[in-house]
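Notes for the structure review
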Amino acid sequence: MPKIKKKNISKKYKKIKVAIKKIKIEPAAKVFKVSKTTPQVLRGFKDILPGEQKYWDLLRTKAEQIVQDFGYERIDFPLLEETSLFIRAVGKETDIIEKEMFSFEDRSGDQVSLRPEGTAQVARAYINHGMLNLPQPVKLYYLGPMFRYDRPQSGRYRQFNQFGFEALGEMHPVLDAQIIIMTYNFFKELGLKISLQINSIGCLNCRKEYKVQLLNYYKTQKADLCEDCKIRLGKNPLRLLDCKEEKCQAVSEDAPQIVDWLCEDCKNHFVRVLEFLDDLEIPYNLNSRLVRGLDYYTKTVFEVWPGPGTPREAGQGETEGEEKKAQIALGGGGRYDNLIELLGGRPTPAVGASLGLERIILKIKEANLEMPLIQKADIFVAQLGETPKRKAMALYETLRQEGFKIAEAFSKDGLKNQLEIANKLDVKYTLILGQKELSEGTILLRDMEGGVQETINYNKIIKELKKRLEK
Ligand code: HAM
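Residues numbered from 1 in each chain as written. Predicted model: local features only at pLDDT ≥ 70, side-chain atom pairs only at ≥ 80, totals over all residues. Heavy atoms only, no water.

**A look at the site of the ligand**
Where we set the bar: Near, as used in this document, describes a residue that has one of its heavy atoms within 4 Å of the molecule or strand being considered. Contacts described as polar in this section are N or O atom pairs within 3.5 Å, which, within protein, must combine one atom able to donate a hydrogen with one able to accept it, while residues neighboring in sequence count only if both atoms come from side chains. Numbered from the N terminus, helices here are DSSP runs of H or I no shorter than four residues, and strands are runs of E no shorter than two. Residues are grouped as follows: Ala, Val, Leu, Ile, Met, Phe, Trp, Tyr, Cys and Pro are nonpolar; Asp, Glu, Lys and Arg are charged; all remaining types, including Gly, are polar.
Surveying the vicinity of the ligand reveals 26 residues, the closest of which are Glu-117, Thr-119, Glu-166, Tyr-297 and Ala-329. Ala-329 places a polar main-chain atom, nitrogen or oxygen, 2.8 Å from an oxygen atom of the ligand. Between Ala-353 and the ligand, the recorded distance is 3.2 Å, taken from a backbone N or O atom to a nitrogen atom. For the shell around the ligand, the secondary-structure elements that each account for two or more residues are β6 (159-168), β10 (331-335) and β11 (350-356). Tallied by class, residues from the shell around the ligand come to 9 nonpolar, 10 polar and 7 charged.

**A short note on the pairing of strand β9 (residues 298-306)**
Formally: Three exposure classes are used, based on accessible area relative to the maximum for each residue type with a 1.4 Å probe and protein chains only: buried under 20%, partly exposed in between, and exposed over 50%. Only when DSSP finds a minimum of two bridges between them are two strands counted as paired.
Among the 9 residues in β9, 9 count as buried, and that is most of the element. Of the pairings in the sheet, the one linking strand β7 (residues 194-200) to β9 comprises 7 bridges and is antiparallel in character. Each residue of the ladder has a partner; that of Ile-194, found in β9, is Pro-306. Pairing analysis gives 5 bridges linking β9 to β10, with the strands arranged antiparallel. Bridging from a neighbouring strand, Thr-298 pairs with Arg-335 of β10.

**Concerning the packing of aromatic side chains**
Definition in use: Centres within 6.5 Å make a pair out of two Phe, Tyr or Trp rings, where for Trp the six-membered ring is used; the pair is then stacked when the planes are under 30 degrees apart, edge-to-face when over 60, and tilted otherwise. Definition used: whenever NZ (Lys) or CZ (Arg) falls within 6 Å of the ring centre and also within 35 degrees of the ring normal, the charge is taken to sit over that ring.
Per the counting criterion, the structure on display carries 11 aromatic pairs. Ring geometry for Tyr-141 against Phe-163: centres 5.5 Å apart, planes inclined by 25 degrees, an arrangement best described as stacked. One end of the pair, Tyr-141, is in strand β5 (residues 138-147); the other, Phe-163, is in strand β6, with 22 residues separating them in the sequence. Each member of the pair, Tyr-141 as well as Phe-163, is classed as buried. On the numbers, 5.9 Å between centres and 50 degrees between planes, the contact of Phe-163 with Phe-165 is tilted. One exposure class covers both Phe-163 and Phe-165, and it is buried. Through a chain of ring-to-ring contacts, three or more aromatic side chains come together here, namely Phe-45, Phe-102, Phe-147 and Tyr-149. For the cation-ring pair, Lys-46 lies above Tyr-157, with the distance from its terminal atom to the ring centre recorded as 5.3 Å. Across the ring face of Tyr-458, the terminal group of Lys-391 is positioned such that the distance to the ring centre comes to 4.5 Å.

**Re helix α6 (residues 119-128)**
For clarity, the threshold we go by: Note on contacts: a residue pair qualifies if any of its non-hydrogen atoms lie within 4.5 Å across the two residues.
Of all the 10 residues making up α6, 8 are buried; the element is thus mostly covered by neighbouring parts of the structure. Inspection of α6 places Thr-119, Ala-120, Gln-121, Val-122, Ala-123, Arg-124, Ala-125 and Tyr-126 among the buried residues, and these make up the whole buried set. Looking at the packing, one finds that the buried side of α6 touches β2 (80-82), α4 (83-90), β5, β6 and α13 (339-342). Positioned one or two residues after α6, Gly-130 has a phi angle of 55 degrees, which is positive.

**Describing the domain arrangement of the chain**
Often the size quoted for an interface is simply the accessible area lost on bringing the parts together. As a reminder of what qualifies: Just so you know, the domain bounds were taken from an automatic or database domain assignment.
What the domain assignment reports for the chain is domain 1 (50-203 + 263-366) and domain 2 (379-469). Relative placement of domain 1 and domain 2: their C-alpha centres are 50 Å apart.

**Some details on the packing of α4 against α6**
Under the convention used in this document: In this analysis an axis means a line fitted to C-alpha atoms, helices contributing only their contacting stretch, and an angle means the value between N-to-C directions, from 0 to 180 degrees. Roughly parallel means an angle under 35 degrees; roughly antiparallel means over 145; roughly perpendicular covers 65 to 115; every other angle is labelled oblique.
Two elements in contact, α4 and α6, have axes separated by 9 Å at closest approach and are oriented at 105 degrees. In this view, α4 runs roughly perpendicular relative to α6, as classed from their interaxial angle. Here Leu-85, Phe-86 and Ala-89 of α4 lie close against α6, whose contacting residues are Ala-120, Gln-121 and Arg-124. Class assignment of the residues belonging to the contact of α4 with α6 gives a composition of 4 nonpolar, 1 polar and 1 charged.

**Structural notes on unusual backbone geometry**
Between Gln-136 and Pro-137 the backbone carries a cis peptide bond, its omega angle lying at 0 degrees. Non-glycine residue Glu-281 carries a positive phi angle of around 55 degrees. Tracing the sequence through the fold places Glu-281 in the loop between α11 (264-279) and β8 (285-286).

**A short note on the pattern of salt bridges**
Quick note on the threshold: Salt bridges are defined by distance alone: a side-chain nitrogen of Lys or Arg within 4 Å of a carboxyl oxygen of Asp or Glu.
Scanning the model with the defined rule gives 27 salt bridges in all. For Glu-366, the salt bridge goes to Lys-363, with nearest N and O atoms at 3.1 Å. With Glu-366 and Lys-363 both in helix α14 (residues 357-366) and 3 residues apart, this pair spans about one turn of that helix. Two residues, Glu-454 and Arg-468, come together in a salt bridge whose shortest N-O distance is 2.9 Å. On the criterion of sequence distance, the pair formed by Glu-454 in strand β16 (residues 453-457) and Arg-468 in helix α18 (residues 461-468) is long-range, its members being 14 residues apart. Owing to a relative accessible area of 26%, Arg-468 belongs among the partly exposed residues under this scheme.

**What about the sheet that holds β10?**
With respect to topology, 8 strands assemble into an open sheet ordered β1-β5-β6-β11-β10-β9-β7-β8, the strand pairing being mixed. Across the chains shown, the open sheet's two edge strands, defined by having one partner strand only, are β1 (73-74) and β8.

**Examining the packing of helix α7 (residues 173-190) against α11**
The description of two helices packed together rests on the angle between their axes and the distance between the axes. Defined as follows: For a crossing to be left-handed, the near helix must be turned anticlockwise from the far one by less than a right angle; the clockwise case is right-handed.
The interhelical angle for the contact between α7 and α11, taken along N-to-C directions, is 45 degrees, at an axis separation of 8 Å. Relative to α11, the element α7 lies oblique. For the crossing formed where α7 meets α11, the hand is right-handed. Taking contact as the criterion, the partners of Pro-173, Val-174, Asp-176, Ala-177, Ile-180 and Ile-181 in α7 are, on α11, His-269, Arg-272, Val-273, Phe-276 and Leu-277.

Laid out in C-alpha cells, this is it:
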C-alpha cells in the first residue's frame, strides 16, 4: 500500500474545507420541482377530520385513565432522532430498519430518522435524564405519531399513532403482568373482542442454544420456505416462526418450541407472569410462534389480535395478495432487559407495550360500538345588527365563563339564518339580541321546542337560564 504523506493529507483537507464552504444551501423552492396541481396527502398518510375526533378522544381518555390508575406518567419525545438510536435498539436486520425508516441527512450532515417506534426513545430518555436515580420502577406513557415506510393498506399506514406505556428499572414478573392487564382492561372497557397471544423468547443465553436447534430444523425444510424466509435463515432465524406465508406457517407447525429451551430463570419468570394473569382471570393464548419484529425483546412477549382465536379466525389471510400478509395486531409489547445497557446505560430491566390507535378505531367502527355523546350546546346566541353583535359577543363570554354549553354564528346577520343553525345544533334555547332589546335593556329567550319567545330583563338572563337548565 502506498504511504500517504502528512503534507498530502493536510492539502486534501484544505481542499475539502474550501469545497464545503462553496456548498450553498439552496432554498427548497430552487432545489425541488414545484408541482402546479392541487397538493394531495401523501400515500400512507391521512388527515384526521373533525368527524373522526370522537374516536381519538375516546381512546386517549380511556388509555390515559387506565395507565394513570397504575401510576404511569406522561412523557413526550421529539419525532426526529439520530438514526443510530433506532438501528442499535430495534436491530439492523429487522424489517423496520432494513426497509421502513424515513431516514435522511439534515442540513448539517447528521443522519436522522422519523421515529418508527417509541421504546428506543424511552430508553434513550431514561439514560439522558438520569432516571435510574428516581425511585424504580419508572413508569412512563406516551402518545403520538410514528413513521414506517410500510406498504399502505387498510390498517397499515406510513404515519400512525401509538399509545405506549413502559415500566423501567425492575425485573419483577408482576410488572409484565401489569402491562398485560392494563392492555387487556383497555380493550375490555372499550367493548372490543380481542385475543391475547403470549410467549417467552428467553434471554440471550437460552436463545443461543434454541437458535441452533431452530436452524437445524429449518435447514431440512428450506425448499418449502418463501424467498424472504430463505434469507431470514442466515440472518434472523427467530423471525421464520412468524412469517405470514401459508407454506412457512405449515413448516413452523413442527419447529422446536422456545419454551422447551428456556433456562431456569426465564422459565420461572414466565410461569409467574402467567400465574398473575390466571389470578385475575385474564384469558390468554400461549403462542410458541410469537417472536415479535424488534430485536430488543427478552423473556415475555405478547400481542393483541382482534377477535378470539388465531390470526386466520381474526381475519388475517382471508384475501389474496398483500392483504394476506397484513399485520393485524392491535398492539404488542414485552420485556427488554438489555436495551438500556445496549445504548450505553447501566443494566436496567424494562417491560412495556404499545397500541396501534388507527387499527383500534377501525375495529371500533367495524363492531359498531356506541360512542359517548359529544357535549352538545344548550344555548344559541343570535344577534341582529352591529352594536348588538358586540354586546352578544360579551354575553357569549359571560355565558362561557358561567359554564353554559353555548353556540353562535357571529359571522351571520339574518335572524332566519341563525335560527336555522340553532335548529340544526338542536339547542334548547336561543337568545336574541337586536337594536330594540338593546335600547330597552332586555333580551329575547326563545324556547326552540315550542317556538315560544319571552322578553327577559337583560340583567336577569343568567339567573333565568340557570333556573331553566337546572344548573
Ligand atoms: P410494534 O408491534 O412494532 O411494537 O407496534 C405496536 C403496534 O403499532 C402494532 O401492534 C400495530 O397496532 C401498530 N402499528 C405498527 N405498524 C403500523 C402501521 N404501519 N400502521 C398502523 N399501525 C401500526 C412496537 O412499536 C414496540 N415499541 C412496542 C413495545 C413497547 N414494546 C415494548 N414496549
